[in-house]
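# Working through the structure, step by step
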Amino acid sequence: MKFAAIEDARNFLDQNPDIDMIELFILDANGVPRGKLLHREELLAVYESGRPLPSTILGLTVHGEDVENSGLVWDVGDIDCRAYPLEGSLVRLPWRQIPTAAVQVSMHPEQGMPASIADPRHLLIKVIDALKDEGYHPVMACELEFYLLDAKRDHNGRPQPALDADGGRPRHTQVYGLRELEQIEPFLADLYSACKLHGIPARTAISEYAPGQVEITLEHGDALEAMDQAVRYKRLVKAVAHKHGMQVTFMAKPFDDLAGTGMHMHVSLADSEGHNLFASEDPAGTPLLRTAIGGMLASLLDSLLLFCPNANSYRRFQANSYAPLAPTWGVDNRTVSLRVPGGPANTRHIEHRICGADANPYLAAAAILAGIHRGIKEDIDPGEPVQGNGYAQAKELLPTDWLTSLTALEKSAWARDALGQEFLGVYLAVKRAEYRQFMAEVGEQDWRWYLTEA
């Protein structure tokens, strides 16, 4: 694993003499950034010899509570594990009152044990390296939807869309509406500026399928770099919104009666020289693309918890909602789960439409690429693409509850082999703890209502 050189930190400090504080963060299995706030004079030591972080930091529930049977708490004495900075991650946070920078760290493979086995970024690197060993270089990009909300609740105490620049409040869907984007221009201007400063290739903005729902696409590139960008982008969106007195949610289904929020993952494979191995004049792509889809479909149930990690995630699965419903694929068809978009031959790729925006980009990408690798190794035929309305033709539906996907991952021999028993041991312990807590709070009767009323 390659970490950042100390010269990066020295150069940054020389060019930013006003910086007083450094926000050091690592991403846990739930995609929650956790870390510490350091003083300027502590930064060089982080680059020289790493920063000790407790082993429990990568074995917490989404509420930040220890999971005792994760193997990262009492069994190892909550030992210090050393994390090191990632290249290109040291950046200013221009919206902070105190001049502050942020740096992302990841566990060292040896010095970070035992927490390093639970580092989501390590898992993605492992899967990418397995593909590269066979001459396949994954290329990916994220499309992340989110709701832009008012910091104040409505008179019923419920979240509501943020006010427009003209003082009005969005009440209608207005998908692809340009006025809707114009009304949030101050927020978008600051967001694009922050993305440029942080080296995040934010591109097309779209008014999505609900009042206050927005999507911004990120440019495709090396799979690991693209997921690093997605992780940092989510933090930027929330921070810039906060500066404007607004809130952002990446919750998969924050409103019963409005569209869910997805994270569409675009993926292709290139050779060592960067040529797209899915490129074809045939809209359905090359035989390699078909086997990649076959592998993703074959491993979909076993991977679903990584795409849809929370109880709320499954409320998004509804017919005629542009969200997935079944293990299906098609060409230029938004009613299926795996879509091959149209376009020039050299752009041929797969759009994976299953993940909620609440998924951890590292884990989702790892599961997608592991499924693709399976399809290639086993030469899996995905069957014929769906023509027309995929919702109407769905024969086998995706599970609509958290427990089914949790159990499927626990029982999956393929996942243990592709993702690793050690990582899954920690991850499943965390998700089981969250499931038990959720059921204790909600109860079986309310849980069934929670599913059916979505």
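Preceding block: the structure.
Overview of the structure.

How each quantity is defined
- Residues numbered from 1 in each chain as written.
- Predicted model: local features only at pLDDT ≥ 70, side-chain atom pairs only at ≥ 80, totals over all residues.
- Heavy atoms only, no water.
- Helix = DSSP H or I, 4+ residues; strand = E, 2+ residues; numbered from the N terminus.
- Rg over C-alpha atoms; globule rule 2.2 N^0.38 Å.
- Buried < 20%, exposed > 50% of the residue type's maximum accessible area, 1.4 Å probe, protein only.
- Contact = heavy atoms within 4.5 Å.
- Areas by Shrake-Rupley, 256 points an atom, 1.4 Å probe, with all protein chains shown as cover.
- Salt bridge = Lys/Arg side-chain N within 4 Å of Asp/Glu carboxyl O.
- Patch = residues over 30% accessible without salt bridge, like charges linked within 9 Å, V, L, I, M, F, W, Y side chains within 5 Å.
- Lys, Arg positive; Asp, Glu negative; His and termini not counted.
- Charge placed at Lys NZ, Arg CZ, Asp CG, Glu CD.
- Pairing = 2+ DSSP bridges.

The helix and strand inventory of the protein chain stands at 14 helices and 15 strands. The globule rule puts the C-alpha radius of gyration for 454 residues at 22 Å, and the 22 Å found for the protein chain is close to it. Counting only C-alpha atoms, the protein chain reaches 60 × 55 × 50 Å along its principal axes. Relative to its full complement of 454 residues, the protein chain shows a buried share of 58%. The long-range share in the protein chain, meaning contacts at least 24 apart out of those at least 6 apart in sequence, stands at 72%. Carbon and sulfur atoms provide 49% of the accessible area of the protein chain, an area that totals close to 19300 Å².

So, about the pattern of salt bridges. Summed over all chains, the structure comprises 19 salt bridges. A salt bridge links glutamate 23 to arginine 96; the shortest N-O distance between them is 2.8 Å. Residue glutamate 23 is located in strand β1 (residues 21-27), and its partner arginine 96 is located in the loop between β5 (91-92) and β6 (100-107); the two are separated by 73 residues in the primary sequence. Looking at glutamate 23, the relative accessible area reads 15%, which means it is buried. Overall, arginine 96 belongs to the partly exposed group, its relative accessible area being 30%. Members of the salt-bridge network, linked through shared partners, are Asp332, Arg339, Glu351 and Arg353.

Among the surface-exposed residues, Glu65, Asp66, Glu68, Asp78, Asp80 and Glu441 lie close enough to one another that they form a single negatively charged patch. Within the secondary structure layout, glutamate 65 lies in the loop between β3 (51-54) and β4 (80-85).

Let's shift gears to the pairing of strand β7 (residues 137-150). In terms of burial, β7 is largely enclosed, as 13 of its 14 residues are buried. By the bridge criterion, eight bridges tie β7 to strand β12 (residues 263-270) in an arrangement that is antiparallel. Bridge pairing in β12 places valine 139 opposite serine 268. Note: β7 against strand β10 (residues 221-222), two bridges, orientation antiparallel.

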